[in-house]
Amino acid sequence: MTSPWWRGAIIYQVYPRSFLDTDGDGIGDLAGIVEKMGYIASLGVDALWVSPFFKSPMKDYGYDVSDYRAVDPMFGQDSDADRLIEAAHDHGLKLIIDMVLAHSSDRHAWFEESRVSRDNSKADWYVWADPKPDGTPPNNWLSVFGGPAWQWESRRRQYYLRHFLKSQPNLNWHNPEVVRAMMGEVRFWLDRGVDGLRLDAITTMVHDQALRDNPPLPAGGQSDVAGTPDNPFTYQEHRHSRDRPEIMERFAELRSLVDRYPDRFLMGEIADVDTIAVSAKYTKGSGALHSCYNFQFTHEAFDRAHLTSVVSRTEHALEDGWITYAFGNHDVMRAVSRWRRLTPLASDDRALAKLLMACLFSLRGGACLYQGEELGLTEADIAFEDLRDPWGIEFWPRFKGRDGCRTPMPWQSDAPAGGFTEGTPWLPLAEDHRPLAVDRQEADAESPLNFCRRFLAWRKARPALLAGDIAILETTDPVFAFERSREDERLVCAFNIANAETTIEAGDWTPLPAPGIASTLRDGRLTLPPFGTFFGRVGDLSSAVSLLDKGIEKV
């Protein structure tokens, strides 16, 4: 059977504010994405995911939607969305848009009506609760962005639920009218021709109607939140505020709608919970999401043991589900900078960038490549006075927020603002990104950019990498290795997760010419240079360790 397009797809994520500005206001726009669609297609990716471009007061830079059907004027006109869809399809790409289903902006017309009184037509469209007798919030739920997850509204004399900023009230998905309305917003974009939806903060979509307190985590435990160990949010088990059982009913309704359109795709973002188990649960069966992606590989530097653990536990949990891996996105420190923490020696960032892409693109599942990762961009150092991210401003200086991964895309090394804009960019261009600009890398055959193109072209000819099974190999540090197999093709993939040469015992392997840093296989031993990779054909399946036969335990 032919696999659906999203199985094994490489998805390129664009953060539109920082991609390309065509009107000189310092903010990227949809016309800029259209202009660079040929560049995106040249990478060899299968789909394009565009972060929110809907009308918004931009308190959380588009993840606070005030009109799901309108393009925000800073990104262009409504017709630019149609041109975006058309341009993607003309270049053979699927288009995925970011839908924020769990909450809206407090400037949305629904909330502006809901907050006025307790008896209007939208009174129950958001999550409202009376205060405790002492005036405090109804329970102990906390916001990711600091403080209680409840905001007081004096006109109703009630609190409303907000898991993030106070300007992001949660919709009440227990209300059938809200379900119908939000399905209408989804239908609007499916009718416009988008191929998929990336569902933001999907675990917060449904709340516990009894509003029970969340229990504390065991002493010393912290939940899965990037970069904010001092945030009290990390001390709770978010049992009642996230991942409620009722959410599967909402997914079934959403999937039923999406299945009326051919070849469409639903991908959920999973965070702040047991992300592997929840990703598996949300993708099992015909009434679930098609895929999930989570933050297992985006919060920290990782070594062979971590890679092995995450991939093994994911495969053990998935069954018929599907995962989409990512090493970076618009919410986390750039992967090259995170990985440097594991390298005691001066890091070759070009070699490291290539290793990261080769590993990401070789795992079983889909993969998201965040804009600039193909260039090997590092985390930008943003001065406090230049910060825009409310999360970073709140937790400065221990946590600097997300602006460091959101700086403008460098297109031309010697141009003002790196060719991103003719005006003043909304975030400053990182000067150390100029040598990594697209024009420099286009002219360098050995650049990370050209490696990305070669590797994805090579990958498309390897059925085992596109949709094959995976089995982790037993290796010694620092080499992470696995086998991919499909029908008669069996490949071994090995990655030296270290900035130093290493040698391991090889199996019955025959080297396969592939893009990457050359390794040497001689007399049954494989020598990999710093951040080196190896791809080969396998002769004996017994060299692989079956994940299920091994009985890997959840940790």
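A short tour of the structure in this document, coming up. (Residues numbered from 1 in each chain as written. Predicted model: local features only at pLDDT ≥ 70, side-chain atom pairs only at ≥ 80, totals over all residues. Heavy atoms only, no water.)

Considerations on the pairing of strand β15 (residues 479-486)
- Most of β15 sits inside the fold, with 7 of its 8 residues counted as buried.
- As judged from the 4 bridges shared by strand β14 (residues 469-472) and β15, these two strands associate in the antiparallel manner. Within the sheet, the bridge partner assigned to Asp469 lies in β15 and is Ser485.
- Turn length for the β14-β15 hairpin, with the two strands adjacent in sequence and antiparallel, is 6 residues.
- Pairing geometry for β15 and strand β16 (residues 489-496), over 8 bridges, is antiparallel. Counted as the bridge partner of Ala481 is Ala494 from β16.
- Count of turn residues in the β15/β16 antiparallel hairpin: 2 residues, of which Glu487 carries a positive phi of about 55°. (Buried < 20%, exposed > 50% of the residue type's maximum accessible area, 1.4 Å probe, protein only. Helix = DSSP H or I, 4+ residues; strand = E, 2+ residues; numbered from the N terminus. Pairing = 2+ DSSP bridges.)

Re the pattern of salt bridges
- In the structure shown here, the tally under the stated rule is 35 salt bridges.
- Note that Arg83 and Asp80 form a salt bridge whose closest N and O atoms lie 2.8 Å from each other. Of the two residues, Arg83 and Asp80 both sit in helix α3 (residues 78-90), 3 residues apart, roughly one turn of that helix.
- Residue Arg83 is classed as partly exposed on the basis of its relative accessible area, which comes to 42%.
- For Asp80, a relative accessible area of 13% gives the class buried.
- Linked through salt bridges whose partners overlap, the residues forming this network are Asp60, Asp331, Asp389, Arg402 and Arg406. (Salt bridge = Lys/Arg side-chain N within 4 Å of Asp/Glu carboxyl O.)

Digging into the environment of Arg398
- Tracing the sequence through the fold places Arg398 in the loop between α11 (390-395) and α12 (438-442).
- Distance in space between the C-alpha atoms of Arg398 and Asp230 is 8.1 Å, their sequence separation being 168 residues.

What to know about the sheet that holds strand β5 (residues 94-99)
- Strand order in this open sheet of 8 strands is β11-β10-β9-β5-β2-β1-β13-β12, and the pairing throughout is parallel. Looking along the sheet, the strands with just one partner apiece sit at the ends: β11 (291-294) and β12 (324-326). Each neighbouring strand pair of the sheet contributes to a mean axis angle of 25°, computed without reference to strand direction.
- Where β12 lies against strand β13 (residues 366-370), 3 bridges are found, and the strand directions are parallel. Looking across to β13, one finds that Tyr325 is bridged to Ala367. (Axes fitted to C-alpha atoms, helices over the stretch in contact; angles between N-to-C directions.)

Considerations on the nonpolar core
- Core analysis: the largest hydrophobic core is formed by 129 residues, its most contacted members being Tyr12, Ile40 and Phe53.
- In terms of residue count, helix α10 (residues 349-362) provides more of this core than any other element does, 10 residues in total.
- The contacts of Ile40, once residues within four sequence positions are left out, are Tyr12, Val14, Phe19, Ile33, Val45, Leu48 and Leu93.
- Within the second largest apolar cluster, 13 residues are counted, among which are Trp6, Met267, Ala326 and Cys368. (Core = buried A, V, L, I, M, F, W, Y, C linked by side-chain atoms within 4.5 Å. Contact = heavy atoms within 4.5 Å.)

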